[in-house]
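Per-entry structural report
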Amino acid sequence: MNWYVVYTKPKWEKKVADKLSQLGIETYCPLITQVKQWSDRKKKIEVPLFNSYVFVQLSDSERNSVFQVAGVVRYLFWLGKPAIVKDQEIEIIKKSIKAPNISDVTVSAIQVGDKIKLESGAFSNQNAIVQEISNSYYTLVLETLGCVLKIKYK
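In what follows, the accompanying structure is described. Bear in mind the structure is a predicted one, so any value in this text is a computation, not a measurement.

Within helix H1 (residues 13-22), the full set of buried residues consists of Glu13, Val16, Ala17 and Leu20. Along the axis of H1, the buried positions cluster into a sector of 100°, meaning they face one direction only. For H1, the elements touching its buried residues are strand E1 (2-8), strand E2 (26-28), strand E4 (42-48), strand E5 (53-58) and strand E6 (72-75). Downstream of H1 by a residue or two, glycine 24 has a phi angle that is positive, lying close to 90°.

Our next topic: the sheet that holds strand E13 (residues 147-152). Read from one edge of the open sheet, four strands run E10-E11-E12-E13, paired in antiparallel fashion. The outermost strands of the open sheet, each flanked by one partner alone, are strand E10 (115-117) and E13. In this sheet, neighbouring strand axes are inclined to one another by 40° on average, regardless of whether the strands run parallel or antiparallel. Of the pairings in the sheet, the one linking E10 to strand E11 (residues 127-133) comprises three bridges and is antiparallel in character.

Moving on: unusual backbone geometry. Here lysine 11, not a glycine, exhibits a phi torsion of approximately 70°, which is positive. The backbone phi angle of serine 52 is positive, close to 65°, even though this residue is not glycine. Inspection of the secondary structure puts serine 52 in the loop between E4 and E5.

Side chains of Ile110, Val112 and Ile133 sit close together on the surface and give an oily, nonpolar patch of about 240 Å² of accessible area. Counting through the fold element by element, isoleucine 110 comes out in the loop between helix H2 (87-98) and E10. Exposure remark for isoleucine 110: the relative accessible area of 40% places this residue in the partly exposed category.

What counts and what doesn't
Residues numbered from 1 in each chain as written. Predicted model: local features only at pLDDT ≥ 70, side-chain atom pairs only at ≥ 80, totals over all residues. Heavy atoms only, no water. Buried < 20%, exposed > 50% of the residue type's maximum accessible area, 1.4 Å probe, protein only. Helix = DSSP H or I, 4+ residues; strand = E, 2+ residues; numbered from the N terminus. Arc of directions from axis to C-beta. Contact = heavy atoms within 4.5 Å. Pairing = 2+ DSSP bridges. Axes fitted to C-alpha atoms, helices over the stretch in contact; angles between N-to-C directions. Patch = residues over 30% accessible without salt bridge, like charges linked within 9 Å, V, L, I, M, F, W, Y side chains within 5 Å. Areas by Shrake-Rupley, 256 points an atom, 1.4 Å probe, with all protein chains shown as cover. Salt bridge = Lys/Arg side-chain N within 4 Å of Asp/Glu carboxyl O.

Structural data, given as structure tokens:
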């Protein structure tokens, strides 16, 4: 059985995960603890690590059963197919959340203008600025080498 990503209504992640679990579907909604400040008090609350995402593990034939739950919008798709998350990736998320030295986590997508460091390939350890993002490639500017790099992804 594969892990899929279900997209939920905003702020419905915990409710959807609970309802799917009640239906017998294996779910994972990674939560982190944050301290929220109001005008009169501070309070620790658990918030989802990924806004509007819940991971579900089920077979291909059972995929439509998630739509019985209020708050489920759709599956997350990648290249025209429902996105599949590997078991190892789910385990990495679980281990990372349990790490004692993590105090604040923010998840965000790469955006135009971001500065990144390339970690592999012919240009590893080079700093780059994201110039363009399309459906099939990134365009990066490598300032130290004075060139533009176009990286295709699948």
